[in-house]
Amino acid sequence: NAGVMQNPRHLVRRRGQEARLRCSPMKGHSHVYWYRQLPEEGLKFMVYLQKENIIDESGMPKERFSAEFPKEGPSILRIQQVVRGDSAAYFCASSYSRQIWQSGNEQFFGPGTRLTVL
Amino acid sequence: KNEVEQSPQNLTAQEGEFITINCSYSVGISALHWLQQHPGGGIVSLFMLSSGKKKHGRLIATINIQEKHSSLHITASHPRDSAVYICAVVLNGGSQGNLIFGKGTKLSVKP
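A brief structural summary. (Residues numbered from 1 in each chain as written. Chains lettered and ligands numbered in written order. Predicted model: local features only at pLDDT ≥ 70, side-chain atom pairs only at ≥ 80, totals over all residues. Heavy atoms only, no water.)

**Some words on the sheet that holds strand β8 (residues 69–74) of chain B**
Residue and element names in this part refer to chain B.
Here comes step 1: A sheet is described by the order of its strands in space; here five strands give the open sequence β1-β3-β8-β7-β6, paired in antiparallel fashion. Each of the sheet's edge strands pairs with one partner strand only, and the pair in question is β1 (4–7) and β6 (52–56). Direction aside, the axes of adjacent strands within the sheet are offset by 15° on average.
Here comes step 2: Looking at chain direction, strand β3 (residues 19–25) and β8 are connected through six bridges and run antiparallel. (Pairing = 2+ DSSP bridges. Helix = DSSP H or I, 4+ residues; strand = E, 2+ residues; numbered from the N terminus. Axes fitted to C-alpha atoms, helices over the stretch in contact; angles between N-to-C directions.)

Structure, rendered in structure tokens:
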């Protein structure tokens, strides 16, 4: 049973380009969470999705960032017109249900995508 | 003030030493995670606990809900334990499903 998969692992973009980060949750998981880790800072919540629905996007910047989790395929975090400040590690996590405080329902993390904006 | 505070920020130990990393939080929580992150690497969940104590190998995690405090202990530390250890909490009710993280404790174990 593969864990949470993210690709690419490293992504380099020039300012103004678009970045697409993909996350395939663990088998059987339908809840996906995106987190961002800026250099020298802690992880911060961005968005929580369940299949075809955005449940909570309170941590997403209002502009240029969007996320989706279609019925088929991976979850996508999309950053349009990237700027240098977007350089960070982006982690995806998945869970079986939203009761993530219950043993067996906790979040499992992917390896992250390290985005560098030149 | 951050909702989740960890101490120390940095910790250097000699191989074999007993290590303690602390986490204090100021909000009501349903559960607390201890996570491990190696340099340039992904994040591994070590423990999730909501009460008492859990042990896995040389790692022990404890939580005191009344005092809003958790500790991660490493016995007989080894250089391969060198990593960043992150405390993360699930808010009470967890209605939004997201975690709130401490800034991490960077541990370096010297041979």
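After that view of the structure, there is still more to cover.
**Quick word on the interface of chain B and chain A**
Here comes step 1: Contact with chain B, which involves 22 residues of that partner, is made by 22 residues of chain A.
Here comes step 2: Overall, the association of chain B and chain A removes approximately 1,800 Å² of surface from exposure, summing both partners, and the carbon and sulfur fraction of that is 61%.
Here comes step 3: Across the chain B-chain A interface, the total number found is zero salt bridges.
Here comes step 4: Counting the contacts that link chain B with chain A gives two residue pairs in polar contact (both at pLDDT 80 or more).
Here comes step 5: For the side of chain B that touches chain A, the secondary-structure elements that each account for two or more residues are β4 (29–37), β5 (43–49), β9 (83–91) and β10 (99–101) of chain B.
Here comes step 6: Here the element with the most residues in the side of chain B that touches chain A is β4(B); it accounts for five residues.
Here comes step 7: Along the lines of polarity and charge, the residues of the side of chain B that touches chain A split into eight nonpolar, 13 polar and one charged. (Contact = heavy atoms within 4.5 Å. Buried area = accessible area lost by both parts, 1.4 Å probe. Salt bridge = Lys/Arg side-chain N within 4 Å of Asp/Glu carboxyl O. Polar contact = N/O pair within 3.5 Å; in protein donor to acceptor, adjacent residues only side chain to side chain. Nonpolar A, V, L, I, M, F, W, Y, C, P; charged D, E, K, R; others polar.)

**Quick look at the packing of aromatic side chains**
Residue and element names in this part refer to chain A.
Here comes step 1: According to the stated counting rule, one finds five aromatic pairs over all chains in the structure shown.
Here comes step 2: Consider the rings of Y33 and Y48, whose centres lie 4.6 Å apart with planes at 15°: the pair is stacked. Residue Y33 is located in strand β4 (residues 31–37), and its partner Y48 is located in strand β5 (residues 43–50); the two are separated by 15 residues in the primary sequence. One exposure class covers both Y33 and Y48, and it is buried.
Here comes step 3: Between Y35 and F45 the ring centres are 6.1 Å apart and the planes differ by 65°, which places this aromatic pair in the edge-to-face class. Of this pair, Y35 sits in strand β4 while F45 sits in strand β5; the two residues are 10 residues apart in sequence, bridging distant segments of the chain. By the burial criterion, Y35 is buried, and F45 matches it. (Phe/Tyr/Trp six-rings, centres within 6.5 Å; stacked < 30°, edge-to-face > 60°. Buried < 20%, exposed > 50% of the residue type's maximum accessible area, 1.4 Å probe, protein only.)

**A closer look at the sheet that holds strand β8 (residues 75–79) of chain A**
Either a parallel or an antiparallel arrangement is found when strands of a sheet pair, and the pairing is made through backbone hydrogen bonds.
Residue and element names in this part refer to chain A.
Here comes step 1: Sheet architecture is open: four strands sit in the order β1-β3-β8-β7, paired in antiparallel fashion. Only two strands of the sheet have a single partner each, and these edge strands are β1 (5–7) and β7 (65–68). Between one strand axis and the next, the sheet turns by 15° as a mean value, whatever way the strands run.
Here comes step 2: Taken together, the five bridges between strand β3 (residues 19–24) and β8 define a ladder with antiparallel strand orientation. Residue pairing for β8: L21 is matched across the bridge by L77.

**Description of unusual backbone geometry**
Here comes step 1: Cis geometry marks the peptide bond from N7(A) to P8(A); its omega dihedral reads -5°.
Here comes step 2: With respect to the helices, strands and loops of the structure, P8(A) is situated in the loop between β1 and β2 (10–13).
Here comes step 3: Each neighbour pair has its own omega, and for S7(B) with P8(B) the value is -10°, a cis peptide bond.
Here comes step 4: Along the chain, the position of P8(B) falls in the loop between β1 and β2 (10–14).
Here comes step 5: In this model, R64(A) sits at a positive phi of 75°, which is unusual for a non-glycine residue.
Here comes step 6: Along the chain, R64(A) turns up in the loop between β6 (53–56) and β7.
Here comes step 7: What makes R64(A) partly exposed here is its relative accessible area of 25%.
Here comes step 8: Although it is not a glycine, A76(B) sits at a positive phi angle of roughly 45°.

**With respect to the state of the cysteines**
Here comes step 1: Tallied over the entire structure, the rule returns two disulfides over all chains.
Here comes step 2: Between the sulfur of C23(A) and that of C92(A) lies a disulfide, 1.7 Å long from S to S. Taking the sign of the torsion about the S-S bond as the criterion, the disulfide between C23(A) and C92(A), at about -40°, is left-handed. Placement of the pair is C23(A) in strand β3 and C92(A) in strand β9 (residues 88–95), with a sequence separation of 69 residues. Comparing C23(A) with C92(A), the two get one shared label, buried.
Here comes step 3: Residue pairing for C23(B): its cysteine sulfur links by disulfide to C87(B), the two sulfurs lying 2.0 Å apart. Residues C23(B) and C87(B) are joined through a disulfide that is left-handed, its torsion about the S-S bond being -60°. Highlighted residues: C23(B) in strand β3 and C87(B) in strand β9, separated in sequence by 64 residues. (Disulfide = S-S within 2.5 Å.)

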